[in-house]
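One-letter residues, chain by chain:
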Amino acid sequence: MLRLYSYYRSSAAYRVRLALNLKGIEYRQQPVNLAAGGQDAQSYLAVNAQGLVPALELPCGAVLTQSMAILEWLEEQYPQPPLYPSDAIARARARSLAGIVACEIHPLNNLRVLRYLEHALAVSEERRTDWYHHWIKQSFAVIEAELTPGPYALGDAVSVVDVLLVPQVYNALRFELDMQAWPCILSVYRACGQLQAFQSAAPEAQTDHTAQLS
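Summarised in this report is the structure supplied together with it. (Residues numbered from 1 in each chain as written. Predicted model: local features only at pLDDT ≥ 70, side-chain atom pairs only at ≥ 80, totals over all residues. Heavy atoms only, no water.)

**A word on the overall build of the chain**
Each helix and strand in the chain was counted, giving nine helices and four strands. Listing every helix and strand of the chain by position from the N terminus yields β-α-β-α-β-β-α-α-α-α-α-α-α. Radius of gyration (C-alpha) of the chain: 17 Å, near the 17 Å computed for a compact globule of 214 residues. Seen through its principal axes, the chain has C-alpha atoms that stretch 45 × 45 × 30 Å. The buried share among the 214 residues of the chain stands at 47%. Of all intrachain contacts in the chain linking residues separated by at least 6 positions in sequence, the fraction that spans at least 24 positions is 66%. Summing over all exposed atoms, the chain offers an accessible surface of approximately 10600 Å²; the carbon and sulfur share of this is 53%. Averaging the locations of the 16 positively and 20 negatively charged side chains of the chain gives two centres separated by 3 Å. (Helix = DSSP H or I, 4+ residues; strand = E, 2+ residues; numbered from the N terminus. Rg over C-alpha atoms; globule rule 2.2 N^0.38 Å. Buried < 20%, exposed > 50% of the residue type's maximum accessible area, 1.4 Å probe, protein only. Contact = heavy atoms within 4.5 Å. Areas by Shrake-Rupley, 256 points an atom, 1.4 Å probe, with all protein chains shown as cover. Lys, Arg positive; Asp, Glu negative; His and termini not counted. Charge placed at Lys NZ, Arg CZ, Asp CG, Glu CD.)

**Focus on the sheet that holds strand β2 (residues 27-31)**
The four strands lie next to each other as β2-β1-β3-β4, forming an open sheet whose pairing is mixed. Strands with a single pairing partner mark the edges of an open sheet, and in this sheet they are β2 and β4 (63-65). Averaged over all neighbouring strand pairs, the angle between strand axes comes to 25°, with direction disregarded. Bridging between strand β1 (residues 2-6) and β2 involves five bridges; their strand directions are parallel. By the bridge assignment for β2, L2 is matched with Y27. The sheet strands contacting helix α1 (residues 11-22) are β1 and β2, and the helix crosses β1 at an angle near 150°. (Pairing = 2+ DSSP bridges. Axes fitted to C-alpha atoms, helices over the stretch in contact; angles between N-to-C directions.)

**A few points about the pairing of β1**
For β1, the buried fraction is high: four of the five residues fall into the buried class. Between the parallel elements β1 and β2, the chain passes through α1 in a crossover that is right-handed. Sheet topology places β1 next to strand β3 (residues 55-57); three bridges connect them, and they run antiparallel. Bridged to L4 within β3 is L56. (Right-handed = clockwise from strand over helix to strand, strands pointing away.)

**Quick word on the packing of helix α6 (residues 125-146) against helix α7 (residues 160-174)**
For the pair α6 and α7, the least separation of the axes is 11 Å and the interaxial angle reads 140°. When the axes of α6 and α7 are compared, the pair comes out oblique. Crossing geometry of α6 relative to α7 is assigned as left-handed. Residues Y132, I136, F140 and I143 of α6 form the contact with α7, whose participating residues are L165, Q168, V169, N171 and A172. Residue composition of the contact of α6 with α7, by class: seven nonpolar, two polar and no charged. (Parallel < 35°, antiparallel > 145°, perpendicular 65-115°, else oblique. Left-handed = near helix turned anticlockwise from the far one by under 90°. Nonpolar A, V, L, I, M, F, W, Y, C, P; charged D, E, K, R; others polar.)

**Some remarks on the nonpolar core**
Ranked by internal contacts, the top residues of the largest apolar core, which has 58 residues, are F140, V160, M179 and I185. Once residues lying within four places of it in the same chain are set aside, the contact partners of V160 are L71, L83, Y84, A94 and A98. Counting eight residues, the second largest nonpolar core, distinct from the first, contains Y7, Y8, V32 and Y44. (Core = buried A, V, L, I, M, F, W, Y, C linked by side-chain atoms within 4.5 Å.)

**Remarks on the pattern of salt bridges**
Enumeration over the complete set of coordinates arrives at four salt bridges. E146 is the partner of R93 in a salt bridge, and the nearest nitrogen-oxygen pair spans 3.9 Å. In this pair, R93 sits in helix α4 (residues 88-109) while E146 sits in helix α6, placing the two residues 53 residues apart along the sequence. (Salt bridge = Lys/Arg side-chain N within 4 Å of Asp/Glu carboxyl O.)

Here you go:
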């Protein structure tokens, strides 16, 4: 069985949970409590030297890291149902939209960056929230204009874009960002929220949720 090293609020781990659920793949979770510094434990660094989640341990003992690489591996090994369009141009567009979240928003707003702003640069909580909102607003404006009429990001079928977008919207709402400027994104988020795969992957549905409140 696959073992997913995860933290319930990590958007990158959230993506992988979504992909696993959508493809109906059985897996076991190993919680890594980022709020308590579990990512810095030697036992976890032996799994992932970066000290980041997610990490996916395969039955053969190999460990995959970086959520986008894991998603690509899952698509290759478990092609049904597909998360990427069959047409090459549409597939590239899906990767582009997913990349806006993975490469333009997430690296600037993840936990270690926010902690650096707070502890090393003495940025106030208010200014830190402004920072968080700024990078989401810039990218959500682009994504909003590119979405296909729903119910999902690329139309009638759930895709990798939804897998990236839903965790990012969850985080935006958690940081109290007003989503009214992006009605299409919010509509996609709500449509996905009706699906069992998304409900089961949500942070609040994780068994380690109550033990990792932060």
